[in-house]
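Structural overview for review
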Amino acid sequence: MGRRLEYVPLSTNALMRHLRARGVSIKGSSAKRKLQNVGYYHGYKGYRFARERRNPLPLTDFDQVLNLYAFDMELKTLFYPRIMQVETSLKSCILDVICAYLAKRGRRATFEVVCSECLTGAGAKDQYRELSYLAQKVARQSAREGEPVIRHFTDQSRGVPIWALMETLTLGEFSTIYFCLTDELKDEVYDRLGMPRRSRTHDAQKKDKTDLLLALLRVLASLRNSVAHNNVILDARFLIRNAPNKYVREYLGREFGIDPVPFSRIADCMLLVVFFTSALGYSKIERKRFVAEYEKILDDFYVNKLPSEIYQQMIGKSDNLKIKAALAYIAKR
């Protein structure tokens, strides 16, 4: 007997028959073209469950899959520009703190000087590893195919200023710069953002756990990466492995006047964007517009496009409470 082929390749027509065998109604050339456009593996396979595969959705029609896909895309379209704005504003805030510190001491703001003057403290071993990675990145970008903003300085045998490096960093790499800042500079960042000072413990591991901004930056980076890479964000499955610790959940809960924010739903990410845009001084009009657009998208799909059971499995039941909490928070900040 021949060995059974483990992964049998299927045509689009065969995939449509496979969907029907699983109880999902799909037929016709229009549906075939739509399946090709969203992809069976990215579309149906990605939206057939809520958060984890053990939570299958009761899908009965391919239009429900298409609506879930459209729902997800509208949320990505809403979140992405806000995340980019927050990322730029946070970089500018921390860059200003670093440059002001060095200017007082008459020091240049090259990457090497920043590493020696600003990026020290608890957890030195971890910091050294992280900074070594960034140093290697600077070296790679100095090569012929590297970033022009870096090569502009290295081609002239000049040190790379920290503001040029910031332009090339991903949000995750930028989080590394913040992670490695001295306690004094971190306290200054916290003051500018209106956040409570961090724990003064000498235990590096405990200090890392109570560093609210570091944890929030990591959540923001995971959201940003999921949006940018076109992963599913609708059910916040990316937070399963990236949810912050209890200190952060309780802190945001106090800020918004609700139970600890669980970071298990996309509404929690809406609160995160509201928190950062508020801390960074964005206008009330901008922040209210973001929440209103978020609410409008949810209402449209809940009322018109998805069965309530599917909607609630993906979004949860507390989104209205969190929307009200976000608006109340904006009103007082």
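Residues numbered from 1 in each chain as written. Predicted model: local features only at pLDDT ≥ 70, side-chain atom pairs only at ≥ 80, totals over all residues. Heavy atoms only, no water.

Focus: the overall build of the protein
- When its secondary structure is counted, the protein shows 17 helices and zero strands.
- For the protein, the proportion of its 333 residues judged to be buried stands at 48%.
- The contacts in the protein between residues at least 6 apart in sequence include a share of 65% that link residues at least 24 apart.
- With the model as given, the accessible surface of the protein reaches about 17000 Å², and the carbon-plus-sulfur share is 49%. (Helix = DSSP H or I, 4+ residues; strand = E, 2+ residues; numbered from the N terminus. Buried < 20%, exposed > 50% of the residue type's maximum accessible area, 1.4 Å probe, protein only. Contact = heavy atoms within 4.5 Å. Areas by Shrake-Rupley, 256 points an atom, 1.4 Å probe, with all protein chains shown as cover.)

Section: helix α14 (residues 266-279)
- Between its terminal C-alpha atoms α14 stretches 20 Å, which fits the 20 Å expected from 14 residues at 1.5 Å a residue.
- For α14, a buried count of 14 out of 14 residues is recorded, marking the element as mostly surrounded by other parts of the structure. (Expected span 1.5 Å × (residues − 1).)

Details of the environment of Asp 259
- Relative to the helices and strands, Asp 259 is located in the loop between α13 (246-256) and α14.
- What makes Asp 259 exposed here is its relative accessible area of 63%.
- The spacing of Asp 259 and Arg 249 is ten residues in sequence and 8.7 Å in space, taken between C-alpha atoms.

Focus on the pattern of salt bridges
- In the structure shown here, the tally under the stated rule is 13 salt bridges.
- Note that Arg 82 and Glu 293 form a salt bridge whose closest N and O atoms lie 3.1 Å from each other. Here Arg 82, found in helix α4 (residues 62-104), pairs with Glu 293, found in helix α15 (residues 284-305); they are 211 residues apart in sequence, far enough to count as distant.
- Classification of Arg 82 by relative accessible area gives buried; the value is 16%. (Salt bridge = Lys/Arg side-chain N within 4 Å of Asp/Glu carboxyl O.)

Considerations on the packing of aromatic side chains
- Going through the model one piece at a time under the given rule, you end up with eleven aromatic pairs.
- Residues Tyr 47 and Tyr 69 carry aromatic rings whose centres are separated by 6.1 Å and whose planes lie at 80° to one another, so their mutual orientation is edge-to-face. Placement of Tyr 47 in helix α3 (residues 40-47) and of Tyr 69 in helix α4 is noted, with a sequence separation of 22 residues between them.
- Seen in terms of ring centroids, Phe 71 and Phe 301 are 4.4 Å apart; in terms of plane orientation they differ by 5°. Their pairing is stacked. Here Phe 71, found in helix α4, pairs with Phe 301, found in helix α15; they are 230 residues apart in sequence, far enough to count as distant. Residues Phe 71 and Phe 301 agree in their burial class; the two are buried.
- Members of the aromatic cluster, joined through ring pairs, are Phe 71, Phe 301, Tyr 302 and Tyr 311.
- Note that Arg 218 overlies the ring of Phe 179, its terminal NZ or CZ placed 5.9 Å from the centroid.
- Across the ring face of Tyr 247, the terminal group of Lys 246 is positioned such that the distance to the ring centre comes to 5.7 Å. (Phe/Tyr/Trp six-rings, centres within 6.5 Å; stacked < 30°, edge-to-face > 60°. Lys NZ or Arg CZ within 6 Å of the ring centre and 35° of its normal.)

Regarding the nonpolar core
- Grouped together as the largest cluster of nonpolar side chains are 107 residues, with contacts concentrated most on Phe 71, Leu 75, Phe 79, Met 270 and Tyr 294.
- Sorting elements by how many residues they give to this core places α4 first, with 19 residues.
- Beyond its immediate chain neighbours, meaning those up to four positions away, Tyr 294 contacts Leu 75, Leu 78, Phe 79, Ile 266, Ala 267, Met 270 and Ile 323. (Core = buried A, V, L, I, M, F, W, Y, C linked by side-chain atoms within 4.5 Å.)

Looking at the confidence of the model for the protein
- The predicted model of the protein averages 87 in pLDDT, with 86% of residues at 70 or higher.
- Model confidence for the protein, summarised as mean pLDDT per element, is weakest for helix α11 (residues 204-209) at 56 and strongest for α14 at 97. (pLDDT = per-residue confidence, 0-100.)

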